[in-house]
2 protein chains.
Amino acid sequence: MSNETRLLPGDTIGILGGGQLGRMMSLAAASLGLKTHIFCPDPNSPAFDVATAYTIAPYEDVSALDVFASSCAAVTYEFENVPGPTASHLAARVPVRPGVRALEVSQDRLFEKEFLRSAGVDIADFVTVDSNDDLTAALGRFEGSGVLKTRRFGYDGKGQVMIRSAADAQGALEKIGSVPAVLERLIPFDREVSVIVARDVNGHCEAYDISENHHEHHILKTSTVPANVSEATAEKARAMAISIASSLEYVGVMGVEMFLSGTGSDETLLINEIAPRVHNSGHWTEDACLTSQFEQHMRAVAGWQLGSGARHSDVVMENLIGDECERWPSILAEPNARLHLYGKEEARPGRKMGHVNRISPKG
Amino acid sequence: MSNETRLLPGDTIGILGGGQLGRMMSLAAASLGLKTHIFCPDPNSPAFDVATAYTIAPYEDVSALDVFASSCAAVTYEFENVPGPTASHLAARVPVRPGVRALEVSQDRLFEKEFLRSAGVDIADFVTVDSNDDLTAALGRFEGSGVLKTRRFGYDGKGQVMIRSAADAQGALEKIGSVPAVLERLIPFDREVSVIVARDVNGHCEAYDISENHHEHHILKTSTVPANVSEATAEKARAMAISIASSLEYVGVMGVEMFLSGTGSDETLLINEIAPRVHNSGHWTEDACLTSQFEQHMRAVAGWQLGSGARHSDVVMENLIGDECERWPSILAEPNARLHLYGKEEARPGRKMGHVNRISPKG
């Protein structure tokens, strides 16, 4: 379908996936007078609560996809593991933004790294690993250490093994399911940072300020903005994110995760991975910027002009994971806290239940 | 029902009325993890798009009200003309916030004025008018001029006649339908201002900054904050709004409209009327304050603590009325404009279709 399509207020954006990201996209769409239609196999999807329409069906259900496509003026998604055939089937009927290429690249760690290398941004060195012989050879290249990661379906630290010794290497490939993998050179990075970037159908980009991200148990816990980095690093990070979005001819919002090592003029950035969607490390934009990442994504998907991503406040975003959401009354009592809950029924351990943005005047 | 009820995330707030105010309340509720159930006779209600559930039924449909009440942990409304029996029927089953008393007072201009007088705030002098003889006598008291207003169902300038001469008085009561009315003394006011105030179940109040409101064809066109008034007037206006909310033992957000005459130390405020709901002249809070009037109202209705109403930016809110909503593409292109569209299908003349908040750094 044409890449030029521009939606009108009242049109419907289809969203694959009904979790908190779909929910927050729906809320942003509604503020702009756009309707949403959520497609998700889970009958308890929190996004259903705020969508004009929803479909409960497997992503492989072609007839349900056809009905869905016919109800939407454009389609987007909240997760990168949308099955390729699903995306292609929809893309033949309705504009899918970000497009099929963004999914292909981000679904496979090997393709992603090859793309990033071709885009000219800095990444950790890597080698393909399809067998234990490959792994032995790869470890030989990287002084016996590295991070072994599945090419597909890794998230929140799942599907990866850290190798620092021969003992770690023993059975490592089996641990991740003996699937096609890559070994990344072990980077002695100090900090994880990210940039949320948006690109519209005309190629205009808006990059938000770089955030500094802290993980616990491989799950994002906080994002702090401004990050404690040099002005040059902040600018370089934004430029790298824009360069990646432009190389992909991307339409929508993308999360670009990076490793940062060194300090001051020795700061070095390496791209870790990209997420072709709104991103947890961009939730701070909701309360600290004129235009949130969710609105920015809806604008791009609608073929509309992007808003200003300028930041009016300093902010620390904290994820509320599992039963941490029970702290909501004390968060409501904090004068500068903005509480966001996702409407999920069961607070299972490790489950993202909400987040809080703590706002302070721009320093 | 108990005035103490405190909702939990995941609970449902029922909303009577499915227009843009119900819609924006629903969006705010969703951000806090609350569900909404909209009750409205209009099958094309824009709030349905963003609510977890909705009921299409007349407000007099007792069995539909019973089902609605049983699905909600608290009920609120987006308009003050909720029929009394509807409110009472619901209030016997579920907490209704703001309560039945707030509706009774604001539905009848005479009761409202008597209440405001008893609350000790300044209002324009008034006289009850039930007949042409009453009108003649009243005009005699007010030097032959005044504004004749129906006691019930007036809005956006409807149900009122300006009387400046004997000729104006001729047939004035018939013009407004020969219904019970009040004559207000004609106030030579210069400007219209308003304060949005919130009060929680524990009696704590948060008043937003005073806004200066400009009307066109009796419909609000812009609200500007900060208003061009003295600090003393700004403080007095907030204090009056808090005093009104406290006198009513009000729970929720209320709009308090005032007339302002004079300048500088001669500034004088008179209360015009109160609206027991979120208010068009408070839409600026969405983008210029930490907590919007919509979130504030949902918090109060849920029995939760209020948020900070502190303002982080200067702002001018402009209503998009009728086909003015067609300007959306140029508004999207303005770097400091925040567009809000209500998802209404037909842009009839005089219909509120959306609004735009133009933000600038706090001066």
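Scoring rules and cut-offs
Starting afresh in each chain, residues are numbered from 1 along the sequence in its written order. Here chains are named by letter from A upward and ligands by number from 1 upward, in the order in which they appear as written. For a predicted model such as this one, the threshold for reporting local features is a pLDDT of at least 70, and the threshold for listing and counting side-chain atom pairs is 80 or more; totals across whole chains, interfaces and linings nevertheless cover every residue. Working from all heavy atoms in the structure, the side-chain values ignore hydrogens and water. Least squares is the method used to superpose the copies, on C-alpha atoms of residues holding a pLDDT of at least 70 in both. Contact definition: two residues touch when any of their heavy atoms are within 4.5 Å. Pairing of aromatic side chains requires ring centres within 6.5 Å, counting the rings of Phe and Tyr and the six-membered ring of Trp. Pairs whose planes differ by under 30 degrees are stacked, by over 60 edge-to-face, and all others tilted. Helical segments are the DSSP runs of H or I of at least four residues, strand segments are the runs of E of at least two, and each set is numbered from the N terminus. Between buried and exposed lies partly exposed: a residue is buried under 20% and exposed over 50% of the maximum accessible area for its type, with that area taken using a 1.4 Å probe on protein chains only. The rule for a charge over a ring is simple: NZ of Lys or CZ of Arg within 6 Å of the ring centre, and within 35 degrees of the ring normal. In short, DSSP must find at least two bridges between two strands for them to pair. Fitted lines through C-alpha atoms give the axes, limited to the stretch in contact for helices. The angle between two N-to-C directions lies from 0 to 180 degrees. The term buried area means the drop in 1.4 Å probe accessible area that two parts suffer when joined, counted for both and summed. Salt bridges are counted wherever a side-chain nitrogen of Lys or Arg sits within 4 Å of a carboxyl oxygen of Asp or Glu. Pairing of N or O atoms within 3.5 Å defines a polar contact, subject to two protein rules: one partner must be a possible hydrogen donor and the other a possible acceptor, and residues neighboring in sequence count only if both atoms are side-chain atoms.

A. Here's a closer look at the relation of the copies chain A and chain B. Expressed as a screw transformation, the operator carrying chain A onto chain B has a rotation angle of 180° and an axial translation of 0.0 Å, and the superposed copies differ by an RMSD of 0.0 Å. What we have between these two chains is a two-fold relation. The position closest to the rotation axis in chain A is occupied by the C-alpha of Val50(A), lying 2.1 Å away. A shared interface surface links the copies, since 100% of the contact residues of chain A are contact residues in chain B too.

B. Spotlight on the packing of aromatic side chains. For the structure on display, the rule yields 12 aromatic pairs over all chains. A centroid spacing of 5.9 Å and a plane angle of 25° characterise the contact between Phe39(A) and Tyr59(A), whose relative ring orientation is stacked. One end of the pair, Phe39(A), is in strand β2 (residues 35-39); the other, Tyr59(A), is in the loop between β3 (53-55) and α2 (62-71), and 20 residues separate them in sequence. By relative accessible area, Phe39(A) is classed as buried at 0%. One aromatic cluster is present, built from ring pairs that chain together Phe39(A), Tyr59(A), Phe68(A) and Phe79(A). Arg151(B) extends its terminal NZ or CZ atom over the ring of Phe111(B), reaching a point 5.4 Å from the ring centre.

C. Fine view of the sheet that holds strand β5 (residues 126-129) of chain A. Residues and elements named next belong to chain A. Taken in spatial order, the four strands line up as β5-β8-β6-β7 in an open sheet, and their pairing is antiparallel. Pairing within the sheet leaves two strands with one partner each, and these edge strands are β5 and β7 (160-163). Neighbour to neighbour, the strand axes of the sheet diverge by 20° on average, direction disregarded. On top of the sheet, helix α6 (residues 132-141) reaches β5, β6 (146-150), β7 and β8 (181-184); it is set at about 170° to β5, its chief contact.

D. Structural view of the sheet that holds strand β2 (residues 35-39) of chain B. Residue and element names in this part refer to chain B. If you trace the four strands from one edge of the open sheet to the other, you get β3-β2-β1-β4, paired in parallel fashion. Strands at the two margins of the open sheet, each flanked by one partner only, are β3 (53-55) and β4 (74-77). Direction aside, neighbouring strands of the sheet carry axes that sit 25° apart on average. Bridge count for β2 against β3 is three bridges, and the pairing is parallel. Looking across to β3, one finds that Phe39 is bridged to Thr55. Across the sheet, helix α1 (residues 20-31) lies against β1 (12-16), β2 and β4, angled at about 165° from β2, the strand it touches most. Relative to β2, helix α2 (residues 62-71) is tilted by about 170°, and along the sheet it contacts β1, β2, β3 and β4.

E. The interface of chain A and chain B, seen in detail. Contacts between the two partners involve 36 residues from chain A and, on the opposite side, 36 residues from chain B. Between chain A and chain B lies a buried interface of about 3200 Å² when both sides are counted; carbon and sulfur atoms form 53% of it. The largest contributions to the chain A side of the interface with chain B come from Leu290(A), Trp328(A) and Leu332(A), which together make up 19% of the buried area. Counting across the interface, chain A meets chain B through four salt bridges. Of the charged contacts in the structure, one is a salt bridge between Glu295(B) and Arg338(A), with a shortest N-O distance of 2.8 Å. Counting the contacts that link chain A with chain B gives 14 residue pairs in polar contact (both at pLDDT 80 or more). Within the residue set of the side of chain A that touches chain B, elements represented by two or more residues are α1 (20-31), α11 (293-301), α12 (328-332) and β16 (337-341) of chain A.

F. A look at helix α4 (residues 100-107) of chain A. Within α4(A), burial applies to Ala102(A), Leu103(A), Val105(A), Ser106(A) and Gln107(A). Tucked inside the fold, the buried residues of α4(A) contact β4 (74-77), α3 (84-91), α5 (109-118) and β14 (268-275) of chain A.

G. Inspection of the pairing of strand β12 (residues 219-225) of chain A at higher detail. All names here are of chain A. In terms of burial, β12 is a largely internal element, six of the seven residues being buried. Of the strand pairs in this sheet, strand β11 (residues 211-216) and β12 are connected by five bridges, and their pairing is antiparallel. Its bridge partner being in β12, Asn213 is matched across the sheet by Ser223. In this antiparallel pair of consecutive strands, β11 and β12, the connection spans two residues, and His217 shows a positive phi of 50°. Alignment of β12 against strand β15 (residues 313-321), held across four bridges, turns out to be antiparallel. Looking at the pairing, Thr222 lines up with Glu318 of β15.

H. Just the environment of Gly282(A), in detail. Residue and element names in this part refer to chain A. Counting through the fold element by element, Gly282 comes out in the loop between β14 and α10 (285-288). Along the sequence, Gly282 and Ser308 sit 26 residues apart, while their C-alpha atoms lie 15 Å from each other. Residues within four places of Gly282 in sequence aside, it is in contact with Ile196 and Gln293.

Just distances and angles here, no functional claims.
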